[in-house]
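What follows is the residue order along each chain.
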Amino acid sequence: GGGEEERREAGYFALARSLLDGRAPGARSRRHHRQPRPGPRPPVQPAAEPEGGGDNDLLGQLIRDLNEINEVPFFDIQLPYELALKIFQYLGRTELGRCAQVSRTWKVLAEDEVLWYRLCQQEGYLPDASISDCSCWKLALQDCRAKERTLRTNWKNRIGAVSQLQYELGKVLCDVHSCDGVVIAGYTSGDVRLWDTRTWDYTAPILEPVHGSADPGPQPHVSFVRINSSLAVAAYEDGTVNVWSLMIGREPIHHYQHNQRIQALALGLEGAVIASASGFQVKVESPDDRGYWQTIAQFEIQKLVNFLHLVPDVVGSPVTIAAAEDMVYLLKAEESGKVLHSVYGLPVTCLDVSPSEAAFGVKGFGWLLNETNKILLYNLETGQCLTKLGSSLGDFTCVNLQNSPPWMLVTGNKDRRVRVYDLRRSKSLCSLYAHHLGVSAVQMDDWKIVSGGEEGLVCVWDQRMGTKLWEMHARHPVRHIWFNTHSLITANIPDEKNPRGASIMDDDLTAHRRHRGIIYAYEFSVDQLARESVLPICRSSYDEVTGYNYNIGLAVPYDNILVT
């Protein structure tokens, strides 16, 4: 035993001396010291230092340092699992992946389901899911990111299915609106039609007019349609407003009348609040706690309303923003109307609102008076103008604040350009030469812009690169654009509702295709591309008594269905 201990200590001294001299230890020494030891290595005891030994002083210091390292190794620190998990939650995907390669203990920590579920929620994936819905959240996050990359590639290369939403019996398209893939359209025949693009056959509730409106003679045209997650609203040329519940469908749940033609219609993003403007009157309707609809506010203003919006996410009484010629009003129930902006002779050309701000385009006097067209941004709480954006000879025809990324705003102009603004610096980020006859509709997200023009062109842009990805053309101006991560809805709506020379008689079921207008539904999701092979006629619900197709006199599936 004593001889073995002396040889081991001599080996330590030889190793230390070779390290101090800058030489690698010999192969025999390494093989000798690689022999397995049953227990933990005992701390090395420094040998007695001979007097005046300089090398031995350095050797003793090295051995003491090695002893300190062996006594308190980093990975032997014991922490409660919950505390270690609390530390790891501040790491991202990359850092967790690196930590998982350190040791087995760290791998267990770095792959804990709580951490990866939190990352999924932070990055906006599966927001409504609970932690028990998935057995491996790390794989779920990887799948979501892979689908996002595929969707972006499909968007950029226009890979997906395109469908036309048509209703021949409606004659000419008047107005279109959409919410989360559900599309509502109003026609000159007085019909209001729904499509749910989230289903393979686009089935949606059937909306019928109020009783008594099916009298002989032509029905009034539809002026405006709006839809949210629970309600559908239509305003007609004779001042009538019908409200349907998407849960019930069929007959309207509410109906009210204006004395004059309706100039503007607004529907809250959530809940059941409707605002309509007719003449010099703005009326706000909403149901009470028992579900009975009532007029909760009515305002008399000085000029005719051109644009009307309900402020989203308002707690308490609804707030309405109305633009009437050269004035912008802030209208709140139980309070008198407040003038937010007014400059005589400078009319408002477009309007959009967010929960805390309102953005609208104002027409200027021109370069001669140093007053060009601008976008004004107002704070709705203080009523103060926050910034003035742009300086253009053309009128700003559309603005999108509500659906834009934070601190950003996108506009369209008659000068044929799409402009993106940074609200923090009040500067333009990019200007895209988009359309031949002016921009009529626009929307953006964090990487792309979709714009529509008066000439019927729909353009998709890469916002960061400032380049056009692709375009599609139809006959009439683009009046509606809506998209999310995997789908796009566009509507080309004719300006002429009664085209001359179209041979549209009262006994004719349809208008010619070139006069009707068209709605396109694009689907870029990889798991829904099978819809490309489904013909529109195959999506028929077969619940109508008569059917008509402009191109083909159909004997199948129906020309007439006998109801027994």
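Residues numbered from 1 in each chain as written. Predicted model: local features only at pLDDT ≥ 70, side-chain atom pairs only at ≥ 80, totals over all residues. Heavy atoms only, no water.

If you look the chain up in an unreviewed UniProt entry, it shows as F-box/WD repeat-containing protein 8 from Gopherus agassizii. If you open the UniProt record of the chain and go to Pathway (unreviewed entry), you find "Protein modification; protein ubiquitination." (UniProt positions renumbered as here; feature names shortened; annotations may be inferred.)

(A) Structural detail: the overall build of the chain. Broken down by element type, the chain carries 9 helices and 31 strands. Sorting the 564 residues of the chain into buried and exposed places 45% on the buried side. Considering only intrachain contacts with a sequence separation of at least 6, the fraction spanning at least 24 residues in the chain is 44%. For the chain, the exposed surface amounts to about 30900 Å²; the carbon and sulfur share of it is 52%. (Helix = DSSP H or I, 4+ residues; strand = E, 2+ residues; numbered from the N terminus. Buried < 20%, exposed > 50% of the residue type's maximum accessible area, 1.4 Å probe, protein only. Contact = heavy atoms within 4.5 Å. Areas by Shrake-Rupley, 256 points an atom, 1.4 Å probe, with all protein chains shown as cover.)

(B) Layout of the packing of aromatic side chains. Under the criterion given, the structure shown has 10 aromatic pairs. Centre to centre, the rings of Tyr-117 and Trp-137 are 4.9 Å apart; their planes meet at 70°, and the pair counts as edge-to-face. One end of the pair, Tyr-117, is in helix H7 (residues 113-122); the other, Trp-137, is in helix H8 (residues 137-157), with 20 residues separating them in the sequence. Residue classification places Trp-137 among the buried positions, given a relative accessible area of 1%. Relative to Phe-524, the ring of Tyr-522 lies with its centre 6.3 Å away and its plane at 5°, an arrangement referred to as stacked. Neither residue differs from the other here; Tyr-522 and Phe-524 are each classed as buried. One aromatic cluster is present, built from ring pairs that chain together Trp-155, Trp-470, Phe-483, Tyr-520, Tyr-522 and Phe-524. When the ring centre of Trp-155 is taken as reference, the NZ or CZ atom of Lys-448 above it lies at 4.4 Å. (Phe/Tyr/Trp six-rings, centres within 6.5 Å; stacked < 30°, edge-to-face > 60°. Lys NZ or Arg CZ within 6 Å of the ring centre and 35° of its normal.)

(C) Main features of H8. Helix length check: H8 (21 residues) gives 30 Å between terminal C-alpha atoms against 30 Å at 1.5 Å per residue, within 8%. Along H8, the residues that are buried comprise Trp-137, Ala-140, Leu-141, Cys-144, Leu-151, Asn-154 and Trp-155. An end-on view of H8 places all buried positions within 150° of arc, on one side of the element. Arg-158 sits one or two residues past H8 and shows a positive phi near 55°. (Expected span 1.5 Å × (residues − 1). Arc of directions from axis to C-beta.)

(D) Highlighting the pairing of strand E21 (residues 396-400). A large share of E21 lies buried, amounting to 4 of its 5 residues. Where E21 meets strand E22 (residues 408-413), 4 bridges bridge the pair, whose relative direction is antiparallel. Residue pairing for E22: Asn-400 is matched across the bridge by Val-410. (Pairing = 2+ DSSP bridges.)

(E) Main features of the side chain of Asn-242. In this fold, Asn-242 is placed in strand E7 (residues 240-245). Accessibility expressed as a relative area gives 2% for Asn-242, which makes it buried. Of note is the side chain of Asn-242, whose polar atom sits 2.7 Å from the side chain of His-255. In this structure Asn-242 touches Pro-209, Val-210, Ala-232, Val-233, Ala-234, Tyr-236, Pro-252, His-254 and His-255, once residues within four positions along its chain are discounted. (Polar contact = N/O pair within 3.5 Å; in protein donor to acceptor, adjacent residues only side chain to side chain.)

(F) Structural context of empty space enclosed by the protein. Scanning the model with the defined rule gives 3 cavities of 30 Å³ or more in all. In terms of residue class, the lining of the largest cavity is made up of 6 nonpolar, 2 polar and 3 charged. (1 Å grid on protein atoms, 1.4 Å probe; cavity = no way out; pocket = protein on both sides within 12 Å on 5 of 7 lines; lining within 4 Å. Points joined across faces, edges and corners; volume = space filled by probe spheres on them. Nonpolar A, V, L, I, M, F, W, Y, C, P; charged D, E, K, R; others polar.)

(G) Structural detail: helix H4 (residues 81-88). Among the residues of H4, those classed as buried are Ala-84, Leu-85 and Phe-88. Angularly, the buried residues of H4 cover 100° about the axis, an arc narrow enough to put them on a single face. Tucked into the core, H4 has its buried residues touching helix H5 (93-99), helix H6 (104-110) and H7.

(H) Spotlight on the side chain of Thr-320. Relative to the helices and strands, Thr-320 resides in strand E14 (residues 319-324). The residues touching Thr-320, leaving out its near neighbours within four places in the chain, are Ala-275, Val-284, Leu-308, His-309, Leu-310, Tyr-329, Leu-330 and Leu-331.

(I) Seen up close, the environment of Leu-269. Residue position: Leu-269 is located in the loop between strand E9 (262-267) and strand E10 (274-278). We classify Leu-269 as partly exposed; its relative accessible area is 45%. Between the C-alpha atoms of Leu-269 and Cys-179, which are 90 residues apart in sequence, the distance is 8.8 Å. Residues contacting Leu-269, with those up to four places away along its chain left out, are Asn-228, Ser-229, Pro-312 and Gln-402.

(J) Broad picture of the pattern of salt bridges. In the structure shown here, the tally under the stated rule is 19 salt bridges. The salt bridge partner of Asp-495 is Arg-479, with a shortest N-O separation of 2.9 Å. Taken together, the residues span a long stretch of sequence, with Asp-495 in the loop between strand E30 (487-492) and helix H9 (513-516) and Arg-479 in strand E29 (residues 478-483) at a distance of 16 residues. Taking the relative accessible area as the measure of exposure, Asp-495 reaches 55% and is therefore exposed. Classification of Arg-479 by relative accessible area gives partly exposed; the value is 34%. Through salt bridges with shared partners, one network takes in Arg-93, Glu-123 and Arg-145. (Salt bridge = Lys/Arg side-chain N within 4 Å of Asp/Glu carboxyl O.)

(K) Highlighting the packing of H7 against H8. Look at H7 against H8: their axes get within 8 Å of each other, and the N-to-C directions meet at 25°. By the angle between their axes, H7 is roughly parallel relative to H8. Where H7 crosses over H8, the two elements pack in a sense that is left-handed. In this structure, H7 uses Glu-113, Trp-116, Tyr-117, Leu-119 and Cys-120 to contact H8, whose residues at the interface are Trp-137, Lys-138 and Leu-141. (Axes fitted to C-alpha atoms, helices over the stretch in contact; angles between N-to-C directions. Parallel < 35°, antiparallel > 145°, perpendicular 65-115°, else oblique. Left-handed = near helix turned anticlockwise from the far one by under 90°.)

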